[in-house]
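# Remarks on the overall topology
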Protein chains: 2
Amino acid sequence: MPNLRLAMAQFDPHVGDIARNGEEVVRWTRRAAEGGARVVAFPEMALTGYPVEDLALRASFVDASRAALVELARRLAAEGLGGTAVVLGYLGRSQATARPQNCAAVLHDGQVVTRFAKHFLPNYGVFDEYRWFERGDQLPVLRVDGMDVALAICEDIWQEGGRARAAGEAGAGLLLVVNGSPYERNKDDERLALVRRRAAEAGCPLAYLNMVGGQDELVFDGDSLVVDAAGQVLARAPQFEESLLVVDLELPAASAQDADGTLFSDGLRLVRTELTTGAAGAPQAVASRIAPRLSDEAEIYAALVTGTRAYVRKNGFTSVLIGLSGGIDSALVAAIAVDAIGAENVHCVSMPSRYSSQHSRDDAAELARRTGLHFRTVPIAPMFDAYMDSLGLTGLAEENLQSRLRGTLLMAISNQEGHIVLAPGNKSELAVGYSTLYGDSVGAFGPIKDVYKTLIFRLAGWRNEAAVERGEVPPIPENTILKPPSAELRPDQVDTDSLPDYDLLDTILDAYIEGDQGRDAIVARGFEAAVVDRVVRLVDGAEYKRRQYPPGPKISPKGFGRDRRLPITNGWRRG
Amino acid sequence: MPNLRLAMAQFDPHVGDIARNGEEVVRWTRRAAEGGARVVAFPEMALTGYPVEDLALRASFVDASRAALVELARRLAAEGLGGTAVVLGYLGRSQATARPQNCAAVLHDGQVVTRFAKHFLPNYGVFDEYRWFERGDQLPVLRVDGMDVALAICEDIWQEGGRARAAGEAGAGLLLVVNGSPYERNKDDERLALVRRRAAEAGCPLAYLNMVGGQDELVFDGDSLVVDAAGQVLARAPQFEESLLVVDLELPAASAQDADGTLFSDGLRLVRTELTTGAAGAPQAVASRIAPRLSDEAEIYAALVTGTRAYVRKNGFTSVLIGLSGGIDSALVAAIAVDAIGAENVHCVSMPSRYSSQHSRDDAAELARRTGLHFRTVPIAPMFDAYMDSLGLTGLAEENLQSRLRGTLLMAISNQEGHIVLAPGNKSELAVGYSTLYGDSVGAFGPIKDVYKTLIFRLAGWRNEAAVERGEVPPIPENTILKPPSAELRPDQVDTDSLPDYDLLDTILDAYIEGDQGRDAIVARGFEAAVVDRVVRLVDGAEYKRRQYPPGPKISPKGFGRDRRLPITNGWRRG
């Protein structure tokens, strides 16, 4: 059988930065060509980055993407890379309606030899693709050096039928799918099962390429893989790392003779493009690489680090500022920041009040000592006294004041020194509104905003254990993990004064938020009605706070942000 | 010809509060029945409120809506109102797929006699209806006392074809369209033209019912109207006010005999429901009422008042707090608040710093005197000194500090006294980031966030003139309107130190934001390239601030909020 050497560039495109992404395409194509690949693939909309959101509605941006695509084909040829077939996602436009499309093209020999648009458009969760795109109805098949490679984009294989089935009907030798598929917990397991099912449906191997990196609230975990028609994994790229996954596939010689325009499943019209790569073939087979999977905790932690690093760097910052309370949330955020951008770029400030315990101050200093991040202490008593003298606050107003003085202090240092502030709020807190707007919610990015408190504990423990395994000092002081959580805004306060135990709280929150279960359904599962009522009421009443919270990496099936769109003004009282 | 007395209840449903909305349906139906109406119509999804956003994905909420519908039919009959045909929007569910649907039903004689779902689903701007709903494919025709009334929902007439054309094909005597159509500037003109076009297409009168009130960032302006087939306006309800619009229509006796299931345009299947209302007919014709239109400024101002009132009241608050600087933005917000909820519920605080001019303090006090709102002064010097002593800030950090101290002060009073804070930011500021995050951006609601600065001036002038015309004291001090805008965060600062003149700025912003024009297209219109580049760069760079800004009433074709969804992390540098 003929041999197809396929390279998949699992890289990190930057949204909007077409010039940079084009350079990356050239760089990865060179590596692929030097490795003897006949075809090199890039992720969904790699040329523009993904998702571009309403940039898709700006004609000038669509024009720039289309022009860059043509220019890139020329450039690749000019650099001697024209022989390799390049499958590249970009932002295109429908010829019929002039509406934007989520497209991919094949570049070869200085030309854009074919273009097609995504067939199935996702319009749920964080996706709004009916808003932006018109669907495509082609079944693109690339006959490359005599082998048929059917092409598809992301959602095309997440819905039943469509290009996977059509590829099978058209007798393709390989189905190549380019993706921008955001990370969620356990997405890798779901992805593998899906890819196997579609390979069986297409009756041929399936190569699945995903991007890596972060874009606002989304994280892309890579995890590109190739399975054969029987579902066996032939190659798999690492999670969260840029990588060129190269695989040698023994594909049958193409024999299908259907004319262009032949209709297959879902009304897909065949468009075949024939090309000869001139690749030297594959003198020596590449070793099949199957990267090991990360554990659940390692994977989630890597997602948080990836998302945080991407947000900071892609927005042109080099350093971050964190208010370090001695508690577990800010400690975990600091550990993530250190892993994301290096301790030398992480600035922390302890801002004790009269209610701050000595162990909190000690724990904050201890974390700084262990990790080597920059640390300073600024007590808030003088500011607190100035407000109290003017306003004479009591109760919640006094508690919130302390938090807001810290927020203002962080922003002042941020403005003065140029660091961006990371917010330490976790998902349990944000869910029930156990945070102070313009206080501890202050920040450009919230690294753990989609992480429930019980998972915070697991991640902190895992991070320390991972350090021990590597012979390093665990970053997070044990006392920070072991002591009962407290906001320390009044004497002897602990979280459980105001909230149910976190195990219980998180279970109810998961049912209400991720599960979209109503109050009655949750009570029917055996939870105390009064507790469920209270949690549901707290969640509904905190929507206004969440709306003003900074973005942070989505790791759950339903993150706060574009994933969950509930009205603030909401009279529904039964959950 | 038989006579159809139609009543349209232009009322203000509350999202999520099914019980309250149901009571309102009974109340308005009673009024309609007492007035001899054969049919009374309620707006799109009036039973659940609109838009319900992701509440549509919660099965318990859909169940509650469907159960309330059935119960309401019984209740109306039990109260002696079963004779009147009630056309009522609600949240339903597809029998085939169990997906939610944007539905309307007809209640009569204790029963839900027919149900149908919206055919065309809007999925642009603020609308995400492909996310939530499955479309319906019925052509519902109500044969009421021998006259054929075709029914449709909102977007059904905003797209070509569909139910308007099908109503014409089916020979309907009237097309009744129930809407939840959010306000935008000049929407009333656009709406009238559209309704006329569709009436011509349907070849019969068209009755268009819209809701009033506010829901988070949306305002509904009412403006319900009835036109005949020739486009003549037969009746029109007032803008922004609840109203029962009653009209007597001379409709032909129904003669069409098409069987149920007959297919019309767009694959719409006829479903005819026959009923006899038992209404006494129309002993005395009702006078046709055509409410006068508001001027552009009056209309926009009414939208801001309506949105602000709705947000405050529907969220269970009675009073608001505003930082009054003496400048025009906070003055206009105060005037809006006074008109929305009464001066006795408006609390203002002047928070002068060393850079605050005497005229600013005087102007703030003068506004308070003129309107009768509650007013106090709290200087920020002690808090400022406490921070400066600890941190030694300079430049922008020092400027922002003053703004954040005010934000913290407002939130402290808010927490202590229970008012919600209104943010004074305007659209020009938010666009270019000329505001301080957690400073002047603090608030639960931003009444003028969608109003460009040049329009702020027009509205302030209009509000004062309107007062004079009514023989009242103009609320806004003339000096506030006449003096050059300044943030007063450093000596002798004025906005034009940092920004182009507002006339120029707003023109460029309108092209870039509302027009989605790229940098080159704007420059091609004759604007200086350096200015356009600067504005575009400022707008793109301020996305992170806008994401954390409170909601406020949308009055433009593209408000910041769900209407404009751009990435924060965005490397596109050419606009």
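Predicted model only: the values in this text are computed from it and were never measured.

### Some points on the packing of helix H7 (residues 328-341) of chain A against helix H12 (residues 453-469) of chain A
Residues and elements named next belong to chain A.
- Running from N to C, H7 and H12 point in directions that differ by 50°, and their axes come no closer than 10 Å. With respect to H12, the axis of H7 lies oblique. Of the two elements, H7 crosses H12, and the hand of that crossing is left-handed. Facing H7, whose interface residues are Ile328, Asp329, Leu332 and Asp339, H12 presents Lys453, Ile456, Phe457, Leu459, Ala460 and Arg463.
- For the contact of H7 with H12, the per-class residue count stands at six nonpolar, no polar and four charged.

### Quick notes on the pattern of salt bridges
All names here are of chain A.
- Summed over all chains, the structure comprises 98 salt bridges over all chains.
- For Arg93, the salt bridge goes to Asp63, with nearest N and O atoms at 2.8 Å. Remark: Asp63 occurs in helix H2 (residues 59-78) and Arg93 occurs in strand E3 (residues 85-93); sequence separation between them is 30 residues.
- For Glu478, the salt bridge goes to Arg370, with nearest N and O atoms at 2.7 Å. Linking Glu478 in helix H13 (residues 478-482) with Arg370 in helix H8 (residues 358-371), this pair joins segments that are 108 residues apart in sequence.
- On the basis of relative accessibility, which here comes to 38%, the residue Glu478 falls in the partly exposed class.
- If you follow the salt bridges from partner to partner, you end up with Arg191, Asp221, Asp223, Arg236 and Arg293 in one network.

### A short note on the sheet that holds strand E15 (residues 263-264) of chain A
All names here are of chain A.
- The strand order across the open sheet formed by eight strands is E13-E12-E9-E8-E7-E6-E16-E15, and the pairing between neighbours is mixed. Either end of the sheet is taken by a strand with one partner, and the two such strands are strand E13 (233-236) and E15.
- Sheet analysis places strand E12 (residues 225-227) next to E13, joined by three bridges and oriented antiparallel. Across the sheet, the residue bridging to Val226 is Ala235, located in E13.
- Strands in contact with helix H4 (residues 162-169) are strand E6 (138-144), strand E7 (147-153), strand E8 (174-178), E15 and strand E16 (268-275); relative to E6, the strand with the most contacts, it is inclined by about 50°.
- Relative to the sheet, helix H5 (residues 187-202) contacts E8, strand E9 (206-209), E12 and E13, its axis offset from that of E12 by approximately 40°.

### Considerations on the nonpolar core
Residues and elements named next belong to chain A.
- Counting 47 residues, the largest nonpolar core has Phe42, Leu69, Leu72, Val86, Leu88 and Leu107 as the members making the most contacts within it.
- Mapped onto this core, the elements with two or more residues apiece are strand E1 (3-10), helix H1 (18-34), H2, E3, strand E4 (100-108), strand E5 (111-117) and strand E11 (218-221).
- For this core, the element with the most residues is H2, which contributes seven residues.
- Non-local contacts of Leu107, meaning those with residues more than four positions away in its chain, are made with Leu69, Leu72, Ala73, Leu76, Thr84, Ala85, Val86, Leu88 and Val112.

### Re the interface of chain B and chain A
- With 74 residues of chain B at the contact, the number on the chain A side is 74 residues.
- In total, chain B and chain A occlude about 6,500 Å² of area from one another, counting both sides; carbon and sulfur atoms represent 54% of this.
- At the surface where chain B touches chain A, the tally comes to four salt bridges.
- Note that Asp128 of chain A and Arg565 of chain B form a salt bridge whose closest N and O atoms lie 3.1 Å from each other.
- At the boundary of chain B with chain A, the tally comes to 37 residue pairs in polar contact (both at pLDDT 80 or more).
- Where the side of chain B that touches chain A is concerned, the elements lending two or more residues are helix H2 (59-78), helix H3 (129-132), helix H6 (296-314), helix H9 (381-391), helix H10 (395-417) and helix H17 (543-547) of chain B.
- The element best represented in the side of chain B that touches chain A is H10 of chain B, accounting for 13 residues.
- Of the residues contributing to the side of chain B that touches chain A, the split by class is 37 nonpolar, 22 polar and 15 charged.

### Here's the deal with unusual backbone geometry
- Residues Tyr50 of chain A and Pro51 of chain A are joined by a peptide bond in cis, for which omega reads -5°.
- With phi around 50°, Asp516 of chain A is a residue other than glycine that occupies positive phi space.
- Its place among the elements puts Asp516 of chain A in the loop between helix H14 (502-514) and helix H15 (519-524).
- Using a relative accessible area of 16% as the deciding quantity, one classes Asp516 of chain A as buried.
- Although it is not a glycine, Phe240 of chain B sits at a positive phi angle of roughly 65°.
- As for its placement among the helices and strands, Phe240 of chain B is situated in the loop between strand E13 (233-236) and strand E14 (243-250).

### Quick notes on empty space enclosed by the protein
- Under the defined criterion, the tally for this structure stands at eleven cavities of 30 Å³ or more.
- Empty space within the largest cavity amounts to approximately 620 Å³.
- Along the walls of the largest cavity sit 26 residues, with Arg547 and Arg562 of chain A together with Arg547, Gly561 and Arg562 of chain B positioned nearest its centre.
- When contributions to the lining of the largest cavity are tallied by element, the ones reaching two or more residues are helix H17 (543-547) of chain A together with H17 of chain B.
- Here the lining of the largest cavity is composed, by residue class, of eight nonpolar, two polar and 16 charged.

What counts, and at which threshold
Residues numbered from 1 in each chain as written. Chains lettered and ligands numbered in written order. Predicted model: local features only at pLDDT ≥ 70, side-chain atom pairs only at ≥ 80, totals over all residues. Heavy atoms only, no water. Axes fitted to C-alpha atoms, helices over the stretch in contact; angles between N-to-C directions. Helix = DSSP H or I, 4+ residues; strand = E, 2+ residues; numbered from the N terminus. Parallel < 35°, antiparallel > 145°, perpendicular 65-115°, else oblique. Left-handed = near helix turned anticlockwise from the far one by under 90°. Contact = heavy atoms within 4.5 Å. Nonpolar A, V, L, I, M, F, W, Y, C, P; charged D, E, K, R; others polar. Salt bridge = Lys/Arg side-chain N within 4 Å of Asp/Glu carboxyl O. Buried < 20%, exposed > 50% of the residue type's maximum accessible area, 1.4 Å probe, protein only. Pairing = 2+ DSSP bridges. Core = buried A, V, L, I, M, F, W, Y, C linked by side-chain atoms within 4.5 Å. Buried area = accessible area lost by both parts, 1.4 Å probe. Polar contact = N/O pair within 3.5 Å; in protein donor to acceptor, adjacent residues only side chain to side chain. 1 Å grid on protein atoms, 1.4 Å probe; cavity = no way out; pocket = protein on both sides within 12 Å on 5 of 7 lines; lining within 4 Å. Points joined across faces, edges and corners; volume = space filled by probe spheres on them.

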